[in-house]
Structure formats: structure tokens, C-alpha cells
Amino acid sequence: MADNFSQTVKAQADIVKIIGDYVRLRKAGAQNYTGLCPFHKEKSPSFSVHASQQFFHCFGCKASGDVFAFVMKMETLTFPEAIRVVAQKCNIPLPKREFSSPEEAREAGLRRQLLDLHEAATLYFEKHLQSPEAARAREYLTGRGMTAETIKTFRIGYAPDDFNAMREAMRKEFSEEALRASGLFSSKEQNDQGQPTGQLYARFRKRITFPIANEQGKVIAFTARALDSDEKSGPKYLNSPETALYSKGHVLFNLDKAKAAIRQHDFALLVEGQMDCISVYTGGIHNVLATSGTAFTEMQVRLLARFTKRIVVNFDPDTAGAAAAEKSIALLTEEDFDVKVVSLEDGLDPDRYIRERGLPAYIEALRTAKRYSDYLIQRARIMFPARTPDAQRKAMNYLLPHIRRIPHKLTRDNFVSDVRDALKIDSALLFEELRTAAAQRLSSVRASSDAPLSETERVLLRALALPQGDDARTLAAGKIAQHPQWIEGLAASDLLEALANAAAHEPAIAISSGPAHANPLDLAPDEHSRNLLAGVLLQSETPDETNLQIAVEDALSSLERRALERRQRELRTLIAEADRKANQEMVNQLTQELQELNRTLRGL
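Worth saying up front: this structure is predicted, and the values here are computed from it rather than measured. (Residues numbered from 1 in each chain as written. Predicted model: local features only at pLDDT ≥ 70, side-chain atom pairs only at ≥ 80, totals over all residues. Heavy atoms only, no water.)

Turning our eyes to something else, we now look at the layout of surface pockets. Taken as a whole, the second largest pocket encloses approximately 1,300 Å³ of empty space. What lines the second largest pocket is a set of 42 residues, among which Lys 370, Arg 371, Asp 374, Glu 577 and Lys 581 lie closest to the centre. Elements represented by at least two residues in the lining of the second largest pocket include exactly strand S14 (310-314), strand S15 (338-341), helix H15 (359-367), strand S16 (370-371), helix H16 (372-383), helix H18 (409-423) and helix H25 (545-580). Here the lining of the second largest pocket is built from residues that sort into 17 nonpolar, seven polar and 18 charged. (1 Å grid on protein atoms, 1.4 Å probe; cavity = no way out; pocket = protein on both sides within 12 Å on 5 of 7 lines; lining within 4 Å. Points joined across faces, edges and corners; volume = space filled by probe spheres on them. Helix = DSSP H or I, 4+ residues; strand = E, 2+ residues; numbered from the N terminus. Nonpolar A, V, L, I, M, F, W, Y, C, P; charged D, E, K, R; others polar.)

Put into C-alpha cells, the structure is as follows:
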């Protein structure tokens, strides 16, 4: 823009009024106004605006400049964009733009028409929401807790059950080209770009309409919810197609209304759908955005990064929602966002949770949001609940793609340590593989069949393969049956459990089905276990009874110590978590257990 135009805008702009749209100012003298600085956190105002000199200055963070500098910093805009924003706020006409080609001029003109057409469509839908035909739509909105004020704020409307009325209404003001490029109309015939070429009819019919606005608050698309659920009505939610104005991967629903609150609180709440977003916003939590049913894209992440690097994700708990949450977390972590995740009780979405439990309960759920790493680890434990090395590797391979996206080594190392504690990885070899894979940003660790047996496992397998009545076998089977947690995470845990259970139930077996199994290989739960046991038995000589008894006692003592040390690590993690939540009662309880456990370990 020409320099003289910027000076014209600056001369006519009231900096106090412009900044007052973003910051609550109070008069502090003849020409000065003060308020809390929007660029850094403070409790006492150090931000000043001088009316006659037309500049601002913060004595805290030292930010200062004219009206353009303020808007550039607040909106993350370029200088020409800031001039345009200030001019529009002051109702100053923009100078006529010169185009480099007729094609560029035509495209710019079409975009202006499309913006005007979407505004006209919004008014059309708003008007029809008040019609007799829309009685069911109004009833539905009331049932979802929508007040008249909420409907007005989000410009919710109704698309009548008519193929032609909207087209005829819009043709009075807009060109045929604009109608076909808008995404508001469909046709049985389409060109290669998906635009209708035949007779036009309204895309949205007998649906409640939710306008989607760009960052400046201009309507660029719609989501429309069907009132009926039959096949004839089509999908429950129908979205505008991609147009010259709208690309769903570039837009965040409610950003225009939420951006000031996001800056103020320095975090954004991300939900999955418009209804969730509207419910949360009308409840008073204004820093909320929605993805319109899609996972985050790189463009949306970069857009959000202009306003904050802290985000709380609260997607629906179903399979699709969990998958979308994982994809969003991956993109956000890679861009160094501080991410937390909310999982609501009983599988409720935010909208229903607020309506059934109330806003205070939802706010409390937000306060207790999990770190994204804790959320992912919990998901891994649910998906792979077994405590075998194979299940641990599967869980690790699920988590590694997330770990390798983390840009900072220290954060990656902390995540790896949390994985070890949560998955109870006691194998030094397995843990080293995890650390190496994380350090080298690998996507998986090697297969479980490569994990060797420890000498402790070999001793116990030899003992459990002995004939019925052997003292070493009885001792090993009894302790494992009494303390099954001792063998969690061992390479041969499934095999040890099967052999120990068979030994523990030998009297019942002998009575019901004759003599106990002469061949322990028949008790192995699978082919891999059979091969493990065969290898141990073939490599060992006939054990000396006394020496084996001592070896079994030592092996069991080693397993007990290993289990206690694992619980020791768990308690330290739980104490740190309780301390973070300021739960002193839990801290005291866990600390007492840890002290008792430490005394037990010293006595072994």
C-alpha cells in the first residue's frame, strides 16, 4: 500500500479505541490510559497508551509502537495487513487494488462475490430458522440447551426443504459463476474440479446450518445437521466442499471469537465438533476451538501457533475420536506444543458432559487434564494389557512414533523413563533397546524372539520340568502361584505360569485324568514356549537335587527383589504425581508404603 495511505489511516485512527478492542483500558490522566499488557502476564497494569501522541508502551516487557505495531503484534500480521485491518476498523475505504493480469482481477472479484454470497446465505438461513417449517429445528436446538442469544452469536440457521428457492433468491444478486463456485449448490453433472455444470439445486435442505468463519469472522462455509436420520436425508452432518474460500484443513471453527481469549489465557481448548465447541463457549470458556470432525493438519497447527503453544485436547472417546486425538498430538508435539488431554467420565463428549454434569464439573475435568505422554502410555496399556515381553514391545512400538517426534532430547528421555515405569520393563536389554530406538528416532524395536532367557528363568524352568513331588519343583511352583507378579515381564513368563499352574493342580489332574504329564513340553502354551523349554532342557545336565534346591531359592529371592524394586519405582512416580496435584494425604500414604518397602529391601 502507498505510504501516504498508511499515514492517512494513522491520522484518522483513534489508538485508544483500537487498542480498547483488545485491552480493557482506564483513564490515568489527561491523555494517558493504562491496562494489563496483552503481551506478557502481569497482575498490576504496566501498559500505557498516550492518546495525543498516538503510541503505546509497556514498562514491563518494553513493547511499544504505533497503532499498526500494536495490531501487527496482536494479530501476527504483516505491515500491509495491519494497515488494512485498522482501515476497516475506522471505516476508511481501501484504495483500489491494481492487478497484474485480467485473470488475477477476475479471481479477486470472484472471491469478493463468494464472501458476499456466503453472508447472504447466512442471512437466508437465519431468516428461515424463524419460519413455521423450522419448528422442529428450533425444538432440537432448545433441547440441546441453545438459547436465543447463543443462536444469534453463532448465527445458526435452517435450510428449508426446497431444491430451488435459495438458488432463485441468490440469482437476483450474484452471478452464475459465483453460484457454481460457492459450494452452496449441487448438480448431477460436474466438471473435473467437482464444480456443478448442470441444473443447480440447494446442497443443504431440511438441515440446521452452522456457519464456519475465517479468522476475520467472515463466513466461508457451512456445516449442516440433518433433522431426519433416514438414508434419504444423507449423512448426519454435511459440510461445504472445498472452494476458493474454504479448505477444511486450513480453518479452525470459532477462531474468530476465541483468539482474544486464547491470548489472554495462553492456551487453547480443542474439541471435535461444532456442538461441543458452542456448548463450551456459551458456558463461559471462550478459548475453545473445533476441528469440524477432522484431525489437526500442519496448516492448522501453524495457525494456532500464532496465538499460543499450549493446548488441551478433548476429543470424543470413541475409536475415531481416539485416533484423531493421537494424530493431533503427534503433529502438536512435533511443533513443540505443550499438550494435555482430557478424557471425560463415562465416555461423554463435552456437550453432553456439560448438560448432564454441569459446567463446574467440566472445568474441574480440564484442571485435571493428563500430560499427553501419560495419556498415550495409558492407551498403550489398554491396547496391550499383558505383561509379557512381546506385549511390552508392541506397546513400545505403539509409543515410539510419538517419542521420536519430540524435538528435545531431555523430553524424549523423560518419556522413555515414564514408559519403563508404566510398562514395568525390568529387562535391562529391553530397556536399552527402547532407549536406543528413542535416541535414534526409530519407529520400532526388534522382535521379541530375539530376547534371551536370564539364568533365573533357566533355573526355574529346569525345576518346574522335574517329576511330580520333587522339592525344588514344589517350591518353585508354590512361590510363583503365590506371587504371580514376580514373573511379570520375563521372556518366559507365559511358560513359567503354565508349568507352575500344572504343578499346583497336580492332585486334581491325577484324580481326574490319571498320572501327571510325563513330558513337560506338552504343557507349553505355544510353539515359541515349547522351543524355549526344549532349548533349556537340552542344554542342561541332570541337576543335582541339593544344588538345584539352592539355585531355585536364589532365583526366587532374585525375583522377589526385582518385584519390590519395580514397586519402588512405581511408588516414586505415584508420589511425584500426587505432589503435582497437591494431594498431601495421598503423598503421606504412599511415602509410608515406600519407607516400609525400603526396609524390606534392606533386609533381603
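Ile 156, Met 170, Leu 269 and Tyr 362 are the most contacted members of the largest nonpolar core, which has 61 residues in total. Here the element with the most residues in this core is helix H5 (residues 102-129); it accounts for eight residues. In contact with Ile 156, not counting residues within four places along its chain, are Glu 126, Leu 129, Leu 141, Met 146, Ile 151, Ile 208, Thr 209, Phe 210, Pro 211 and Ile 278. In terms of nonpolar packing, the next biggest core, distinct from the first, is built from 45 residues, Leu 304, Leu 331, Met 396 and Ala 438 among them. (Core = buried A, V, L, I, M, F, W, Y, C linked by side-chain atoms within 4.5 Å. Buried < 20%, exposed > 50% of the residue type's maximum accessible area, 1.4 Å probe, protein only. Contact = heavy atoms within 4.5 Å.)

So, about the pairing of S14. Taking burial as the measure, the five residues of S14 include four buried ones, the bulk of the element. Of the strand pairs in this sheet, strand S12 (residues 268-271) and S14 are connected by four bridges, and their pairing is parallel. The residue of S14 that forms the bridge with Ala 268 is Ile 311. With four bridges joining them, S14 and S15 adopt parallel strand pairing. In the sheet register, Val 313 faces S15, and the bridge partner there is Val 341. After leaving S14, the chain enters helix H13 (residues 319-334) and then returns to the sheet as S15, a path that is right-handed. (Pairing = 2+ DSSP bridges. Right-handed = clockwise from strand over helix to strand, strands pointing away.)

Before going further, it helps to spend a moment on the pattern of salt bridges. Taken as a whole and judged by the stated rule, the model has 28 salt bridges. In this structure, Asp 338 engages Arg 310 in a salt bridge whose closest nitrogen and oxygen atoms are separated by 4.0 Å. With Asp 338 in strand S15 and Arg 310 in strand S14, this pair connects stretches of sequence that are 28 residues apart. A relative accessible area of 39% places Asp 338 in the partly exposed class. Arg 310 gets classed as partly exposed once you look at its relative accessible area, which sits at 33%. Between Glu 593 and Arg 567 there is a salt bridge, and its shortest N-O distance comes to 3.0 Å. Highlighted residues: Glu 593 in helix H26 (residues 584-603) and Arg 567 in helix H25, separated in sequence by 26 residues. According to the relative accessible area criterion, Glu 593 is partly exposed, its value standing at 31%. Residues joined by salt bridges that share partners form a network here, namely Arg 167, Glu 168, Arg 171, Glu 176 and Arg 180. (Salt bridge = Lys/Arg side-chain N within 4 Å of Asp/Glu carboxyl O.)

Right, let's talk about the packing of H16 against H18 for a bit. The N-to-C vectors of H16 and H18 enclose an angle of 35°; their axes lie 10 Å apart at closest approach. Every pair of crossing elements has a handedness; the one defined by H16 and H18 is right-handed. On the side of H16, the interface is formed by Tyr 372, Ser 373, Leu 376, Ile 377 and Arg 381, while H18 contributes Thr 411, Phe 415, Asp 418, Val 419, Ala 422 and Leu 423. When grouped by side-chain class, the residues that make up the contact of H16 with H18 number seven nonpolar, two polar and two charged. (Axes fitted to C-alpha atoms, helices over the stretch in contact; angles between N-to-C directions. Left-handed = near helix turned anticlockwise from the far one by under 90°.)

Our focus in this paragraph is the state of the cysteines. Applying the stated rule across the entire model yields zero disulfides. Of all cysteine sulfurs, the one in Cys 58 lies closest to Cys 61, which takes part in no disulfide; the gap is 3.7 Å. (Disulfide = S-S within 2.5 Å.)

On to the environment of Asp 316, then. Within the secondary structure, Asp 316 is located in the loop between S14 and H13. Note: C-alpha distance between Asp 316 and Gly 273 (43 residues apart in sequence) is 9.0 Å. Sequence-distant contacts of Asp 316, that is, excluding residues within four places in its chain, are made with Glu 272, Asp 276, Gly 321, Ala 322, Asp 349 and Pro 350.

The antiparallel open sheet is built from five strands, whose spatial order is S1-S2-S3-S4-S5. Sheet topology places strand S1 (26-27) and strand S5 (64-65) at the edges, where each strand pairs with a single neighbour. Direction of pairing for S1 relative to strand S2 (residues 32-35): antiparallel, over a ladder of two bridges. When the bridges of S2 are listed, Lys 27 appears paired with Tyr 33.

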